[in-house]
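Fold and geometry: a report
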Amino acid sequence: PPIARAGPPPPYLQSKAFRDVYSTHEPTTAFHKRITFCLNVHNDAVKAMSFPEDAHKDVLESAQTRRERQREQHELANNLADDDDDEL
């Protein structure tokens, strides 16, 4: 903190010498902690978004499988409609 000294005219302000903060390791350490935190957040986000390769192929059915499934559903619907007609 500055110290005001009244001396012979003109009055002047004399301050204590200050320590150069950048000559210490404190700013480097703080910067390193921030960078480490940001990299960890990034790595966690990448891990959360990663999927096994070709995982979607097991879920999707092929065109032929889809046509067979639709044909079976159509036949079942026709059989049910025929059964309903027979009951009337």
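Residues numbered from 1 in each chain as written. Predicted model: local features only at pLDDT ≥ 70, side-chain atom pairs only at ≥ 80, totals over all residues. Heavy atoms only, no water.

Bringing the overall build of the protein chain into the picture now. Tallying secondary structure elements over the protein chain gives three helices and two strands in all. Burial statistics for the protein chain: of 88 residues in total, 0% are counted as buried. Taken as a whole, the protein chain presents about 8,800 Å² of accessible surface, with 58% of it coming from carbon and sulfur. (Helix = DSSP H or I, 4+ residues; strand = E, 2+ residues; numbered from the N terminus. Buried < 20%, exposed > 50% of the residue type's maximum accessible area, 1.4 Å probe, protein only. Areas by Shrake-Rupley, 256 points an atom, 1.4 Å probe, with all protein chains shown as cover.)

Here we come to the confidence of the model for the protein chain. On average, residues of the protein chain score 80 in pLDDT, and 73% of them are at 70 or above. By mean pLDDT, strand β1 (residues 2-5) is the weakest element of the protein chain at 55, and helix α1 (residues 26-49) is the strongest at 94. (pLDDT = per-residue confidence, 0-100.)

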